[in-house]
2 protein chains.
Amino acid sequence: MALALTACGNHHMPVREVRDAPQMLTMPQVLEQSAPDEWRSLDLANTLYLEFEQGRVIIELYPWLAPKHVANILRLTRAGYFDQLNIIRVQDNFVVQWGDGEKAKQFTQSLPGEFEQPLPKDAPIIYLPDVDGYASHVGFRDSMPIAADPEAGLYWGAHCYGVLGAGRDNSKDSGSGAELYVVTGHAPRQLDRNITVAGRVIQGMPILSAFTRGEAPMGMLPEQAAKPQILKVRVAADVPEAERTALEILRSDSASFVRLVESRRNRPDAWYLRKAGHIDLCNVPLPTRPKTTP
Amino acid sequence: MALALTACGNHHMPVREVRDAPQMLTMPQVLEQSAPDEWRSLDLANTLYLEFEQGRVIIELYPWLAPKHVANILRLTRAGYFDQLNIIRVQDNFVVQWGDGEKAKQFTQSLPGEFEQPLPKDAPIIYLPDVDGYASHVGFRDSMPIAADPEAGLYWGAHCYGVLGAGRDNSKDSGSGAELYVVTGHAPRQLDRNITVAGRVIQGMPILSAFTRGEAPMGMLPEQAAKPQILKVRVAADVPEAERTALEILRSDSASFVRLVESRRNRPDAWYLRKAGHIDLCNVPLPTRPKTTP
């Protein structure tokens with residue numbers, strides 16, 4: 001693949017050079033001109049379907065981020081632990097969260113925290129040239145936003161909108177994946193490296209983001225209140241093909257993704273009178289499209 | 001006031017020095033220890049009450065950001081233009097928007113865009129030391145997030161969660177304040193300097209942020225659909241005192257605000273095992289509290 005990793009700038013001024021796009025394209029143009037092999041299907045063995053009254057939420061899990069937690073979330077899913085759980089927390093501009101501490105005890109115990117991982121030499125990681133206040137390097141692996149410290153040889157999931165994490169108590173090793181949250185507000189990047197990040201919502205954020213906010217501290221919903229319910233959760237690979245959502249996403253290690261990021265960094269759309277010259281990691285969109293059967 | 005403007009760092013590494021807090025306090029501790037004169041009432045002559053079935057949304061307008069638009073929004077409010085308008089756009093992770101182009105023609109005409117303002121020498125602006133990708137300087141004036149280019153002598157409103165702007169068409173001078181939006185997602189800072197920012201939601205974001213998302217492009221709600229309605233909008237100063245919301249907010253030019261920012265930059269709360277050493281402009285909270293009558 002003719003795509004170089006972009007060196008991360010340590011300069012304050014955003015990098016304005018366009019490295020890969022001789023002419024500036026809008027996002028629809030970038031996607032239209034993309035090649036078929038720049039798209040990929042979801043990894044069905046690591047994809048969850050959460051069924052709500054309002055529809056399906058699709059989450060992709062990344063074992064390279066949190067192998068123990070991902071394995072446990074898959075196990076808990078197949079054991080039926082998540083079925084009919086309620087959303088218990090809806091904190092405005094922060095997260096929605098679900099889990100049942102009592103029920104969880106029948107199914108699982110806590111795991112070592114997986115807050116960071118060794119940075120592999122050959123993983124398909126794309127770094128943005130844009131400065132980030134929370135890390136020296138930010139980018140994507142498998143369309144998941146990540147941050148990295150190459151000097152320390154570590155990387156971790158970045159808490160952007162739609163990212164899935166595993167709740168924990170105050171001790172590092174108190175999470176298990178039985179209590180999960182999704183970011184629904186401005187990226188709470190202070191959580192990075194403090195908690196296990198396990199995946200990302202690929203479709204269905206409008207369901208999770210529009211629940212009525214909890215008024216109690218931390219957005220907790222009252223015990224007695226009518227709460228949103230997760231009807232059932234399944235691993236996509238276990239779902240009959242006819243019931244699957246045929247979806248593909250733009251590969252973050254594709255040339256079109258680089259062009260897309262540049263198109264969002266300096267928007268060529270007629271409406272924009274001034275181009276930003278910068279993009280925040282968490283403002284990079286995740287293009288998806290229906291998968292057409294070959 | 002014993003509060004120096006903090007020089008904005010041009011370094012990539014976040015500034016970790018604690019300038020104003022000998023011991024690290026949690027946010028509740030900072031607020032508890034604040035002095036009465038570090039809080040202020042809202043500027044009632046520039047505050048809007050938007051009444052929804054779900055409750056009241058309170059927006060403070062800043063004439064120093066957009067004098068013509070603020071004056072026009074106040075005039076439109078008093079003329080009853082906003083009463084019974086529908087929310088017409090609910091775009092996930094972006095904005096909610098209201099206005100009625102046809103009705104607006106009876107009330108107003110477009111205004112020159114007010115995207116930036118000359119940077120005053122003596123305004124109560126507090127800059128963060130934290131690096132920002134979109135501007136050389138970011139901070140607050142009157143609790144409103146702003147960004148600035150001191151070399152060019154300009155500053156402008158920053159599109160953080162809860163910020164209010166005035167929609168426009170493709171031409172710079174096509175807005176008027178008759179079409180308004182509030183940011184409900186991860187800060188779309190690419191809008192900065194592209195559109196007129198006029199204020200900020202002080203209370204009621206959980207109402208605006210939880211509307212069912214529009215499924216059409218840009219989150220537009222269908223003509224025929226049941227849409228959320230703004231029952232009425234009033235200028236707070238015009239509302240009988242007994243019907244006002246007695247509220248005060250922490251002054252952004254107070255020493256306690258600086259301590260608060262530091263407390264959020266490096267959270268001393270037991271849960272945080274690693275301190276971020278940085279805070280994004282749009283992650284700084286806006287403390288409010290009920291106003292106790294003296």
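Along each chain, the written sequence defines residue order, and numbers are assigned to residues from 1. Think of it this way: whatever chain is written first is A, whatever ligand is written first is 1, and the rest follow in order. The predicted nature of this model means local features are confined to residues of pLDDT at least 70 and side-chain atom pairs, given and counted, to a pLDDT of 80 or more, with totals for whole chains, interfaces and linings taken over all residues. Computation of side-chain values: all heavy atoms of the structure, hydrogens and water removed.

Student: Explain the state of the cysteines to me, please; I cannot follow it from the model alone.
Tutor: Two cysteines form a disulfide when their sulfur atoms are joined by a covalent bond. Residues and elements named next belong to chain B. The definition used for a disulfide is geometric: two cysteine sulfur atoms within 2.5 Å. Following the criterion strictly, the structure yields 2 disulfides over all chains and no others. Linked covalently through their sulfurs, cysteine 160 and cysteine 282 form a disulfide whose S-S length is 2.0 Å. The sign of the S-S torsion, about -70°, decides the handedness of the disulfide formed by cysteine 160 and cysteine 282: left-handed. On the criterion of sequence distance, the pair formed by cysteine 160 in the loop between strand S10 (154-157) and strand S11 (163-166) and cysteine 282 in the loop between helix H5 (255-265) and strand S16 (288-290) is long-range, its members being 122 residues apart. Across the pair, exposure class does not vary: cysteine 160 and cysteine 282 are buried alike. Here a helix means four or more residues in a row that DSSP labels H or I, a strand means two or more in a row labelled E, and each is numbered from the N terminus. Exposure is judged per residue with a 1.4 Å probe applied to protein chains only, and the accessible area is read against the type maximum: over 50% gives exposed, under 20% gives buried, and values in between give partly exposed.

Student: Got a minute to help me understand the sheet that holds strand S5 (residues 95-98) of chain A in this structure?
Tutor: One key point about sheets: their strands pair by backbone hydrogen bonds, in either a parallel or an antiparallel sense. All names here are of chain A. Two strands are said to pair when DSSP picks up at least two bridges between them. On the basis of which strands lie adjacent, the open sheet formed by 8 strands has the order S4-S5-S12-S11-S13-S3-S2-S14 and antiparallel pairing. Edge positions in the sheet fall to strand S4 (87-91) and strand S14 (232-235), since each of these pairs with one other strand and no more. Direction aside, neighbouring strands of the sheet carry axes that sit 25° apart on average. Examined bridge by bridge, S4 and S5 share 4 bridges and lie antiparallel to one another. Directly across from valine 90, in S5, lies its bridge partner valine 96. Note on definitions: a residue-residue contact is assigned when non-hydrogen atoms from the two residues lie within 4.5 Å. Throughout, an axis means a line fitted to C-alpha atoms (over the contacting stretch in the case of helices), and angles, computed between N-to-C directions, take values from 0 to 180 degrees. Contacting strand S2 (47-52), strand S3 (55-61), strand S11 (163-166), strand S12 (180-183), strand S13 (196-203) and S14, helix H2 (residues 67-78) runs over the sheet at an angle of about 120° to S14.

Student: Explain the nonpolar core to me, please; I cannot follow it from the model alone.
Tutor: One broad trend across soluble globular proteins is that nonpolar side chains are buried collectively. Only buried Ala, Val, Leu, Ile, Met, Phe, Trp, Tyr and Cys residues count toward a nonpolar core, and they belong to the same one when joined by side-chain atoms within 4.5 Å. Counting 45 residues, the largest nonpolar core has Leu128(B), Met144(B) and Ile202(B) as its most contacted members. Of all elements in the fold, only helix H1 (27-32), strand S7 (125-127), strand S8 (137-141), strand S9 (144-149), S10, strand S13 (196-203), strand S15 (247-250) and H5 of chain B reach the threshold of two or more residues within this core. Counting residues per element, this core draws most heavily on S9(B), at 4 residues. Residue contacts for Ile202(B): discarding those within four places in its chain leaves Leu42(B), Ile58(B), Ile59(B), Glu60(B), Tyr62(B), Leu247(B), Ile249(B), Leu286(B) and Thr288(B). Counting residues in hydrophobic clusters, the runner-up holds 43 residues, among them Leu25(A), Val138(A), Leu250(A) and Leu286(A).

Student: What is the right way to look at the relation of the copies chain A and chain B in this model?
Tutor: Each of the two chain copies can be generated from the other by rotation about an axis followed by a shift along it. Fitting of the copies onto one another was done by least squares over C-alpha atoms, counting residues only where both copies have pLDDT of at least 70. The operation relating chain A to chain B is a screw motion whose rotation component is 180°, with 0.0 Å of axial translation and a residual RMSD of 0.0 Å. Expressed as a symmetry operation, the mapping of one chain copy onto the other fits a two-fold axis. The fraction of interface residues of chain A whose copies in chain B are also interface residues reaches 100%, indicating that both copies meet through the same surface.

Student: Would you mind showing me how to read the confidence of the model for chain A here?
Tutor: Where the model shows low pLDDT, its predicted coordinates should not be examined in detail. Residue and element names in this part refer to chain A. When pLDDT is averaged across chain A, the result is 92; 91% of the residues are at 70 or more. Within the model, pLDDT remains below 50 along residues 1-18, and this stretch shows 38 contacts once partners closer than five positions in the same chain are excluded. Here the complex is predicted with pTM 0.93, and the ipTM for its interfaces comes to 0.92. Scored from 0 to 100, pLDDT records how confident the predictor is in each individual residue.

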